[in-house]
Amino acid sequence: MRTTALDAATLEKLVSAAIAAPSIHNTQPWRFRLDPLTTTIEVRAATERALRSTDPLARALHLSVGAAVFNLRVAVAHFGWEPVPRLLPDPAEPGLLASVRLAGPLPGDRPPGGPDEHHPAHRPPHRPELYDVLWRRHSSRLPFSDRPLPADLLAELTEAAHAEGARLTLPDALATERLMELTAEAERRSVGDPARRQESRRWIREGAPDGMPGRVLGPQDVTGRVPLRDFSALRPEHYRPAVAFERNPVIAVLSTAHDRRADWLRAGQALEHVLLVATAHGARTSLLHQALEWPDLRWVLRDPRDRMEHVQMLIRLGYGPDGPASPRRPAAQVTDEARGPAAT
């Protein structure tokens, strides 16, 4: 699709695509604003939606915003512009986490043989079909089958993370068991922590445009092998009978070389890139973040052979039922008034 003007309807579609991204507890901690003078969409943290107990450093908030930024890039390219992202663009405004300028047109719109036609910086950063995929992607907290994931898909997922400045690794069975044990320990701690337990329960919301309605929470693994988050923290009205999950869970580890705010935003973009590619291939995904919420457990999530990596997310992969999607707030609720002259 090609367009030349950023009108209100197109801006709404771009923001709607961005907010289809995943966020911790589906808090949707973002706000968007257009600077029409530079045709730049600014992405800010909605700090009132931060999880003070679960995410005191706002690392998961940054990952959530980074995922939204990737979706925004995909949508901008879909509408014919070249997305030019910047992370933490204004040191004087720490709440401004990223911006995406609508430059362009995309390489396909340039005259053949133009000077930038084959320059790597001007090639689409992702598969064009990801725009259609981002509307379908959501976490599945249901059991997966034991059908193996093909090697070429795993390689493509690794390349997707690498394209965003992150690293995706697939641990072997023994290492995966260790990761699951650490996740289970983190889950026990969180359920036993009154502040985190109450914070989690507050985001179980029926009929709301955010949070976690009961239908998406999913069951627990009867064997305890796959320790999905118990959002209800043992609250009886949200209890679902435990069922058998996959015998050999496939867990991908997303990590970065450094652990600064910009790295968290890059990790969020890498996360969404990986999730969209998996969805495009018919694979299901869910996120295991519990151990990352405890500094000591996050430290030992690292591969003992590579002490320099900083783990940002564990991603469960497989084939199985799609499961219900979580709600999203309307674009108008997360879009601030444009700065400067109104957009045309």
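The rules behind the values
Residues numbered from 1 in each chain as written. Predicted model: local features only at pLDDT ≥ 70, side-chain atom pairs only at ≥ 80, totals over all residues. Heavy atoms only, no water. 1 Å grid on protein atoms, 1.4 Å probe; cavity = no way out; pocket = protein on both sides within 12 Å on 5 of 7 lines; lining within 4 Å. Points joined across faces, edges and corners; volume = space filled by probe spheres on them. Helix = DSSP H or I, 4+ residues; strand = E, 2+ residues; numbered from the N terminus. Nonpolar A, V, L, I, M, F, W, Y, C, P; charged D, E, K, R; others polar. Salt bridge = Lys/Arg side-chain N within 4 Å of Asp/Glu carboxyl O. Buried < 20%, exposed > 50% of the residue type's maximum accessible area, 1.4 Å probe, protein only. Axes fitted to C-alpha atoms, helices over the stretch in contact; angles between N-to-C directions. Parallel < 35°, antiparallel > 145°, perpendicular 65-115°, else oblique. Contact = heavy atoms within 4.5 Å. Expected span 1.5 Å × (residues − 1). Core = buried A, V, L, I, M, F, W, Y, C linked by side-chain atoms within 4.5 Å. Left-handed = near helix turned anticlockwise from the far one by under 90°. Pairing = 2+ DSSP bridges.

A word on empty space enclosed by the protein. Over the atoms rolls a probe the size of a water molecule, and in doing so it shows where empty space is left. Within the structure shown, the criterion is met by 1 cavity of 30 Å³ or more. Roughly 100 Å³ of internal volume is contained in the largest cavity. Considering the residues around the largest cavity, the lining is formed by 12 residues, among which S190, V191, R196, S200 and R229 are closest to the centre. Contributing elements (two or more residues each) for the lining of the largest cavity: α5 (173-192) and α6 (194-202). In terms of residue class, the lining of the largest cavity is built from 2 nonpolar, 4 polar and 6 charged.

Scanning the entire structure with this criterion turns up 21 salt bridges. Across the salt bridge formed by R188 and E185, the nearest N and O atoms sit 3.1 Å from each other. With R188 and E185 both in helix α5, this residue pair falls 3 residues apart, about one helical turn. A residue is classified by how much of its surface remains accessible, and E185, at 26% relative accessible area, is partly exposed. Measuring nitrogen to oxygen at the nearest pair gives 2.7 Å for the salt bridge that ties R316 to E246. With R316 in strand β8 (residues 310-318) and E246 in the loop between α6 and β6 (250-256), this residue pair connects regions lying 70 residues apart in the sequence. Accessibility assignment for this pair places R316 and E246 in one class, buried. Through salt bridges with shared partners, one network takes in R33, E42, R44 and E93.

What follows concerns the packing of α5 against α6. Between α5 and α6, the shortest axis-to-axis distance is 5 Å and the interhelical angle comes to 90 degrees. When the axes of α5 and α6 are compared, the pair comes out roughly perpendicular. Judged by residue contacts, S190, V191 and G192 of α5 engage P194, R196 and R197 from α6. The residue inventory of the contact of α5 with α6, partitioned by class, reads 2 nonpolar, 2 polar and 2 charged.

Taking 1.5 Å as the rise per residue, helix α4 (residues 151-163) with 13 residues should run 18 Å; its terminal C-alpha atoms sit 18 Å apart, in good agreement. Looking at the packing, one finds that the buried side of α4 touches β5 (167-169), β6, α7 (261-280) and β8. Positioned one or two residues after α4, G165 has a phi angle of 85 degrees, which is positive.

Okay, the nonpolar core next. L14, F32, L254 and I315 are the most contacted members of the largest nonpolar core, which has 64 residues in total. Beyond its immediate chain neighbours, meaning those up to four positions away, L254 contacts A161, A166, R167, L168, A267, A270, L271, H310, V311, Q312 and M313. Judged by nonpolar contacts, the second largest core, of 17 residues, contains M180, V226, V253 and L288.

Once that is clear, we can look at the packing of helix α2 (residues 59-78) against α7. Where α2 meets α7, the closest approach of the two axes is 7 Å, and the angle between their N-to-C directions is 55 degrees. Judged on the interaxial angle alone, α7 and α2 are oblique. When you trace α2 past α7, the crossing you get is right-handed. Touching R59, H62, L63, V65, G66, A67, V69, F70, N71 and R73 of α2 are R261, W264, L265, A267, G268, Q269, E272, H273 and L276, all from α7. Within the contact of α2 with α7, the residues separate by chemical class into 9 nonpolar, 6 polar and 4 charged.

Attention now moves to the sheet that holds strand β3 (residues 82-87). Judged by pairing direction, the sheet is antiparallel, and its 4 strands sit side by side in the order β1-β2-β4-β3 without closing on themselves. The open sheet has two edge strands, β1 (30-35) and β3, and neither has a second partner. Along the sheet, successive strands turn relative to each other by an average axial angle of 20 degrees, direction set aside. Note that β1 and strand β2 (residues 40-45) share 6 bridges and pair antiparallel. Looking at β2, one finds that R31 is bridged to R44. Sheet contacts for α2: β1, β2, β3 and β4 (96-103); angle to β4, the most-contacted strand, approximately 5 degrees. α7 rests against β3 and β4 of the sheet, and its axis sits at about 145 degrees to β3.

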